[in-house]
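Results of the structural survey
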Amino acid sequence: MSLLNVVGFGLKVGHLLLMLCYWIVSVISMNWFINSGIMDSKTGLLSNSGKMWLRCWEKISGNSCKIQHNYSQYFGSKSVPKEWWRKLLITWVFGWTIVSLWILWYMSSQATEKRKESLASMCDERARMLQDQFNVSMNHIQAMSIMISIFHHGKNPSAIDQRTFARYTERTAFERPLTSGVAYAVRVLHSEREQFEKQQGWTIKRMDTLEQNPVHEDDYAPEALEPSPIQEEYAPVIFAQDTISHVVSLDMLSGKEDRENVLSARASGKGVLTAPFRLLKTNRLGVILTFAVYKTDLPSNATPNERIQATDGYLGGVFDIESLVEKLLQQLASKQTILVNVYDTTNHPISMYGSNVLDDGLQHVSALNFGDPFRKHEMRCRFKQKPPWPWLAITTSIGILVIALLVGYIFHATVNRIAKVEDDCQKMTELKKQAEAADVAKSQFLATVSHEIRTPMNGVLGMLDMLMDTDLDVTQQDYVRTAQDSGKALVSLINEVLDQAKIESGRLELEAVQFDLRAILDDVLSLFSGKTPGKGVELAVYISDRVPEMLIGDAGRFRQIITNLMGNSIKFTEKGHIFVTVHLVEEVIGSIEVETESLSKSTLSGFPVADRQRSWEGFRTFSQEGSTCPLSSPSSDLINLIVSVEDTGVGIPIEAQSRVFTPFMQVGPSISRTHGGTGIGLSISKCLVGLMKGEIGFVSIPKIGSTFTFTAVFTNGSPHPNDYKNLPINNQSKSTSSEFQGMRALVVDPRPVRAKVSRYHIQRLGIRVEVVPDLNQGFANISSGNTVIDMVLVEQEVWDQESVKKSDSRIPPKLFLLANPIGSSRISDATPGDYTPPVIMKPLRASMLSASLQRAMGVGNKGNPRNGELPGFSLRNLLLGRKILIVDDNLVNLRVAAGALKKYGAEVVCADSGKKAISLLKPPHRFDACFMDIQMPEIDGFEATRRIRDMEHSFNNLIQHGEVSVEAPQNISNLHVPILAMTADVIQATHEQSLKCGMDGYVSKPFEAQQLYREVSLFFQSASNGNI
Amino acid sequence: MEVGQMQSRLADYTKSLFMEGILDAQFLQLQQLQDESNPDFVVEVVSLFFDDSEKLLNDIARALDQQCVDFKKIDAHVHQLKGSSSSVGAQRVKNACVAFRNFCEEQNAEESRRCLQQVKQEYYLVKNKLETLFTLEQQIVAAGGSVPMIELSF
């Protein structure tokens, strides 16, 4: 059961975890649904997969139902193999591993997406700002170009010289935050070169050499530069901001980058950018923005040729990209988190800003528009730090995996547990089988042993039977009867061992037969009286008058209980008394106060005893009846007896009192050595009392004694159930003898309890009893002459020679002494010649008492029928004139059996084989019975019986159909000849087999009169009643 | 010899048979079955027992001499012998038969032969004793006395 509980608990926990998993999954999937709403671009796909999830969810919850269903199936049929569980488990673990991996991937991709977004927005922001600032500078430069066209070229002489320009640009530098310097170069044709050089005071110098050999700022000497070679036209710088004043007089067309720039600027009329290059002097990366300055206002749709013709000069601004971007980034927050690179990607990417880190991690590219349609720029951003570990995703997925594994483990453990329990169960079944086999062997052994003991005991008992047949006097008869009873008690002891086995297997059932309780107690008493001589223990029985004479119940079992209790008492009692009392339960309840006087004076032998009252304190019947129905209605047919056995023995040690009723338990190992016994008596008694619907209890005081009390329920067996209250004395005496009817007796006894016992026994003989406490008063009573006293019974201890002598003249007709066996020796030691009245030995019992009185008073004759006569005589009655078939292959046995049966007057026919027996018993025949040996060659007893029964069966059928006229004298419609097995072994199995084959019983070989009588009487009884 | 003397001798002799365990209570029962209607019952049964046993012993001896011993057959014979000996109360023959049957079960030829000798010995012993007993009884009857019923007094 506890295993089942464990399994159930496991299932519960598993289910709980399963629910938890579902909850987590549902939360995640709901999260996903929310997300799917946000992500517009993937709505279609996601809603699809959402539906899929819903379907999955339904499936899973359906599965959970199925799993539970499977469980119930599993426990119901056990047919699901273990392999199935293993596969399920692996699938479970595998499936959840995949799910958790998917969650990991999903959640981390979410994080990456978010990161990418934030990078993009940051990058775009930076790019836009850079672009804006650049545009501001560019616009200003364009404005400056217009100013030059107005004030330098529009006026003659020019309103601007180098100095003015430098000052102006210096002061308006804040307007162009991205430029480090501005310069203006004028267009000079070759024809005008000389005039121009003269006017300016310097020659036009070429730039390309400078580009090839870049020099440091400090060494820079413009004078060292070579004059420009002869070209078609020149573009010497005339004005420059102070920061780049070194470029004055350099021919812009001679620099490769600058030339392209200048040419495209004047053709397009827009600001044109160079590719990034190292700036002169500062050696930093920069670009130059060039605007063309035209002579006249050109229309917006002017052709490039017109524009070239109209060109006056070129205004260039130097952008120090590197420092500018840095300045810009410093203005922005979170500059630490991202790295920014700016590239010119017109032909191939040229880095304009940023360290050239090779990192193929996450990066975002934003396009930059600096207003030059021919050039493309872009900004590339990436995070400085590597992306952090997606801890949330990892923990979530690991959590789910752990839960799934736990659930899996629980499943696994449960399945293993179930398998283990099944294995254990199988083992247990095997062990149980073994134990049962051992039990069978044990009972076989017990049967064998008991048989072995019974056989010699039967011999003893048989011989005693025969002894009873001889002419014995009363005392001898009593001896023999006691011996016989003792022998029977020994047999019953063997039965006791068998009983214990029976009780253990619950096969014990009680009989319900009529019996005389008083006779049984007399028997028990006489059985034990032989065991007490020399001990000086007084045995006594008292049965209340209200107990009916005849009861219906299991006499044997009742006797067994009494015998057990008394046997125990006798074992442990050295002096004092053993006193059995029988009352009705109602009686005891009614007189509870009267009984409580447990003074030492009032006990049987004068020794103190344990309080009887306390032995039944715990009884259920008492508490119930005491409260609800104090006196059960006498009309009820059930007789509730309470029996106490009181002794003055050593008592039971208090520590051992709790296990008194446990089988095979004795107070200590030494006890069994000194007193013997198996120790099962009390446990059997307890079971039997339980079967009789009673209770057993005891009280014991060490060194004072024990009192065992039990109750038992019987049915009233007396013809008038209501008569027992004023039970006529005549009724009882019928069983013994009636010759004392109407006599009067005087009992002289100072102890009321003992006197009560004596009176009870004497009354049973039909004698009316008076009790007086001492001798003198007794004689006084007699002398008063009111009543005629036929006999006086004097308790031995108050016997006083002198007082008798004093009243010698008035000695009543008969004087008896009541003496204990031990006391008798003292009497015989008395001086011869003194008058010694006849002694009646205790324990008193009806038969003994009546015999003694008969002998002394010469009343009546030997009226006792001889017990041994009964079987022989009755057998003759039963068997006379019967025709009996004896079947045995052994001629000697055949002859002996025939002789035995012939002796009882039977007409015997012999057959020496089963075949012959079958032919002889072919109906119709005249045999009354058949004794059949079992072990015979060819056809054995079983087989022969079976065939005979078959023949009888078919014959009976024929008769019933009227096909055969019946001329058999026993005009019976159902022919069934009694067949008794003759066998040497009396094993139960043989007996059972013989019954199975249609035999009616069995007798042991060689014949025993008692057994033969018992078996034969079973089926000849009714026949003889009918015939004779 | 006086009849009374013969009677007491018979009683003593019978008693000795019981004391030595040659006979048991069954023999007494057998004697009790004998009455006026069946005066020679005991002699009849015992001689039947002799014939039967003689035959059985021969059969057993023959069976034991065979090349391959049929213990089943021997066991059946011994069982027969045991039955009849217990019927007449020949206790020691019966006990020997019980031992014999154990060896039959074990199929022990060697021990079986020994047992056969044992049984034979017991058989001849009881045969001798009983024959003597019957002779004594006949003498008593011839002398005009009656055979006393023996009471079991031990």
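Residues numbered from 1 in each chain as written. Chains lettered and ligands numbered in written order. Predicted model: local features only at pLDDT ≥ 70, side-chain atom pairs only at ≥ 80, totals over all residues. Heavy atoms only, no water.

Some words on the overall build of chain A
To keep things clear, this is the line we draw: Secondary structure elements are defined from DSSP: runs of H or I of at least 4 residues count as helices, runs of E of at least 2 residues count as strands, and each element is numbered from the N terminus. Using a 1.4 Å probe, the Shrake-Rupley method yields the accessible areas, and only the shown protein chains count as cover for residues.
Along the backbone of chain A there are 31 helices and 29 strands. Carbon and sulfur atoms provide 57% of the accessible area of chain A, an area that totals close to 53,200 Å².

Structural notes on the overall build of chain B
For the record, the criterion: Working definition: with a 1.4 Å probe on protein chains only, accessible area under 20% of the residue-type maximum means buried, over 50% means exposed, and in between means partly exposed. In what follows, a contact means two residues having at least one pair of non-hydrogen atoms within 4.5 Å.
Summing up its helical and strand segments, chain B has six helices and zero strands in all. The linear arrangement of helices and strands in chain B, starting from the amino end, is α-α-α-α-α-α. Within chain B, the proportion of its 154 residues that are buried is 44%. Sequence separation of 24 or more characterises 69% of the internal contacts of chain B that already satisfy a separation of 6 or more. Element-wise, carbon and sulfur atoms account for 47% of the exposed surface of chain B, whose accessible area totals about 8,000 Å².

Here we look at the packing of aromatic side chains
Under the convention used in this document: Whether two aromatic rings pair depends on their centres lying within 6.5 Å, for rings of Phe, Tyr and Trp, where Trp uses its six-membered ring; planes under 30 degrees apart make the pair stacked, over 60 edge-to-face, and the rest tilted. Our definition puts a charge over a ring when NZ of Lys or CZ of Arg is within 6 Å of the ring centre and also within 35 degrees of the ring normal.
Overall, the coordinates contain 17 aromatic pairs over all chains when judged by the stated rule. Here the aromatic cluster, defined as three or more aromatic residues joined through ring pairs, consists of Phe 515, Phe 558, Phe 710 and Phe 714 of chain A. Of note, Arg 115 of chain A hangs over the ring of Phe 383 of chain A, and the distance from its end group to the ring centre comes to 4.1 Å. In this structure, Lys 127 of chain B packs its charged tip against the face of Phe 50 of chain B, placed 5.7 Å from the ring centre.

Here's the deal with the interface of chain B and chain A
Rules: Buried area counts how much accessible surface, traced with a 1.4 Å probe, disappears from two parts once they are put together, with both parts' losses summed. Salt-bridge detection follows one rule: a side-chain nitrogen of Lys or Arg within 4 Å of a carboxyl oxygen of Asp or Glu.
Tallying the contact residues gives 22 residues for chain B and 15 residues for chain A. For the chain B and chain A pair, buried surface summed over both sides reaches about 1,700 Å², with 57% attributable to carbon and sulfur atoms. Ranking the residues of chain B by area buried against chain A places Leu 33, Leu 48 and Gln 80 of chain B at the top, with a combined share of 27%. Counting the contacts that link chain B with chain A gives one salt bridge.

Re the pairing of strand S18 (residues 696-701) of chain A
All names here are of chain A. What counts here: Strands are labelled as partners when DSSP assigns at least two bridges between them.
For S18, the tally of buried residues reaches five of six residues, placing the bulk of the element in the interior. Taken together, the six bridges between S18 and strand S19 (residues 705-716) define a ladder with antiparallel strand orientation. When the sheet's bridge partners are listed, Gly 697 is paired in S19 with Thr 709. Once S18 ends, the chain turns through three residues before running back antiparallel as S19, passing Lys 703 with a positive phi of about 70°.

So, the state of the cysteines
Basically, it comes down to this: Our working definition of a disulfide is a cysteine sulfur pair at a distance within 2.5 Å.
Summed over all chains, the structure comprises one disulfide over all chains. The disulfide partner of Cys 123 of chain A is Cys 381 of chain A, and the S-S distance across this bridge is 2.1 Å. Given an S-S torsion of about 80°, the disulfide between Cys 123 of chain A and Cys 381 of chain A has right-handed geometry. Separated by 258 residues along the polypeptide, Cys 123 of chain A in helix H3 (residues 82-153) and Cys 381 of chain A in strand S12 (residues 377-383) bring together distant segments of the chain. For the residue pair Cys 123 of chain A and Cys 381 of chain A, the accessibility class agrees, reading buried in each case. Among the cysteines around Cys 104 of chain B, which has no disulfide bond, Cys 115 of chain B carries the closest sulfur, lying 8.0 Å off. Judged by its relative accessible area of 4%, Cys 104 of chain B is buried.

Regarding the pattern of salt bridges
Two side chains of opposite charge can pair, provided their charged atoms sit close to one another. Residues and elements named next belong to chain A. A full pass over the atoms with the stated rule returns 20 salt bridges over all chains. Here Glu 378 makes a salt bridge to Arg 380, at a shortest N to O gap of 2.7 Å. Asp 1000 is paired through a salt bridge with Arg 949; the nearest N and O atoms lie 2.9 Å apart. Taken together, the positions of Asp 1000 in the loop between helix H30 (988-996) and strand S29 (1001-1004) and Arg 949 in helix H29 (residues 941-960) put the pair 51 residues apart, joining distant regions of the chain. A relative accessible area of 12% means that Arg 949 is categorised as buried. Each of Arg 187, Glu 233 and Arg 266 takes part in a single network of salt bridges with overlapping partners.

Some thoughts on helix H4 (residues 162-171) of chain A
Residues and elements named next belong to chain A. The test is simple: Comment: arc refers to directions from the helix axis out to C-beta atoms.
Listed as buried for H4 are Phe 165, Ala 166 and Thr 169. Considered in projection along H4, the buried side chains sweep an arc of 100° and stay on one side of the axis. Along H4, the residues that are exposed and aim more than 90 degrees away from the buried face are Arg 163, Arg 167 and Arg 171.

Side note on the packing of helix H2 (residues 25-33) of chain B against helix H4 (residues 71-88) of chain B
Residues and elements named next belong to chain B. Quick note on the threshold: To define axes, lines are fitted to C-alpha atoms, for helices over the stretch in contact only, and angles between the resulting N-to-C directions are given on a 0 to 180 degree scale. Classification used: nonpolar for Ala, Val, Leu, Ile, Met, Phe, Trp, Tyr, Cys and Pro, charged for Asp, Glu, Lys and Arg, polar for all others including Gly.
Relative orientation of the contacting elements H2 and H4 amounts to 65°, with a least axis distance of 6 Å. Contact residues: H2 offers Gln 26, Phe 27 and Leu 30, while H4 offers Ser 86, Ser 87 and Val 88. Residue classes in the contact of H2 with H4 are distributed as three nonpolar, three polar and no charged.

What about helix H1 (residues 3-19) of chain B?
Residue and element names in this part refer to chain B. The test is simple: Expected span of a helix, by definition, is 1.5 Å for each gap between consecutive residues, and there is one gap fewer than residues.
Helix length check: H1, at 17 residues, gives a terminal C-alpha distance of 24 Å against a target of 24 Å (1.5 Å per residue), a fit within 8%. Of all the residues in H1, the buried ones are Met 6, Leu 10, Tyr 13, Thr 14, Leu 17 and Phe 18. The buried residues of H1 occupy an angular sector of 140° when the element is viewed end-on, so they sit on one face. Projecting away from the buried face of H1 at angles above 90 degrees are the exposed residues Asp 12 and Met 19. Gly 21 occupies a position one or two residues after H1 and carries a positive phi of about 80°.

Quick word on the sheet that holds strand S25 (residues 883-887) of chain A
All names here are of chain A. Taking strand neighbours across the sheet as the criterion, the five strands line up as S26-S25-S27-S28-S29 in an open arrangement whose pairing is parallel. Single-partner strands in this sheet number two, and they are strand S26 (907-911) and S29. Across the sheet, the mean angle separating the axes of adjacent strands is 25° when strand polarity is ignored. Relative to strand S28 (residues 979-983), strand S27 (residues 929-933) runs parallel, the two being bridged by four bridges. When the bridges of S28 are listed, Cys 930 appears paired with Ile 979. The strands touched by H29 within the sheet are S27 and S28, with S27 carrying the most contacts at an inclination of about 150°.

Topic: the confidence of the model for chain B
All names here are of chain B. As a reminder, the rule being used: What pLDDT expresses is the predictor's confidence in each residue, scored from 0 to 100.
On average, residues of chain B carry a pLDDT of 83, and 94% of them reach 70 or more. Across chain B, element-level confidence peaks in helix H3 (residues 41-65) with a mean pLDDT of 88 and bottoms out in H2 with 80. We note a pTM of 0.40 for the whole complex and an ipTM of 0.80 for its interfaces.

Thoughts on unusual backbone geometry
All names here are of chain A. Although it is not a glycine, Ser 249 sits at a positive phi angle of roughly 80°. Mapped onto the fold, Ser 249 is located in the loop between strand S4 (237-240) and helix H7 (256-268). You can call Ser 249 buried: its relative accessible area is 5%. Despite not being glycine, Lys 693 has its phi angle at roughly 60°, a positive value. Using a relative accessible area of 68% as the deciding quantity, one classes Lys 693 as exposed.

With respect to the packing of helix H27 (residues 891-903) of chain A against H2 of chain B
Angle between the axes and distance between the axes: these two values describe a pair of packed helices. For clarity, the threshold we go by: The cut-offs work like this: below 35 degrees is roughly parallel, past 145 is roughly antiparallel, 65 to 115 is roughly perpendicular, and the gaps in between are oblique. If you view the pair so one helix is near and one far, a crossing is left-handed when the near helix is turned anticlockwise from the far one by less than a right angle, and right-handed when it is turned clockwise.
At their nearest, the axes of H27 of chain A and H2 of chain B sit 9 Å apart, and the two run at 50° to each other. Compared by their axis directions, H27 of chain A and H2 of chain B come out oblique. Between H27 of chain A and H2 of chain B the crossing geometry is left-handed. The residues of H2 of chain B that touch H27 of chain A, namely those facing Val 896, Gly 899, Ala 900 and Lys 903 of chain A, are Gln 26, Leu 30, Gln 32 and Leu 33 of chain B. Considering only residue class, the contact of H27 of chain A with H2 of chain B consists of four nonpolar, three polar and one charged.

Let's talk about the environment of Leu 525 of chain A
Within the secondary structure, Leu 525 of chain A is located in helix H12 (residues 517-529). Between the C-alpha atom of Leu 525 of chain A and that of Ile 562 of chain A, which follows or precedes it by 37 residues, the distance is 9.8 Å.

Here's the deal with the sheet that holds strand S9 (residues 338-344) of chain A
Residue and element names in this part refer to chain A. Pairing in this open sheet of four strands is antiparallel, and the strands run S10-S9-S12-S11 from one edge to the other. Only two strands of the sheet have a single partner each, and these edge strands are strand S10 (350-353) and strand S11 (363-368). Neighbour-to-neighbour, the strand axes of the sheet open up by a mean angle of 30°, direction not taken into account. By the bridge criterion, three bridges tie S9 to S10 in an arrangement that is antiparallel. From the neighbouring strand, Asp 344 faces S10, where its bridge partner is Ile 350. Contacts between H3 and the sheet are confined to S9, S11 and S12, with S11 contributing the most and set at about 25° to the helix. Its contacts with the sheet put helix H9 (residues 321-331) on S9 and S10, and the angle it makes with S10 is roughly 50°.

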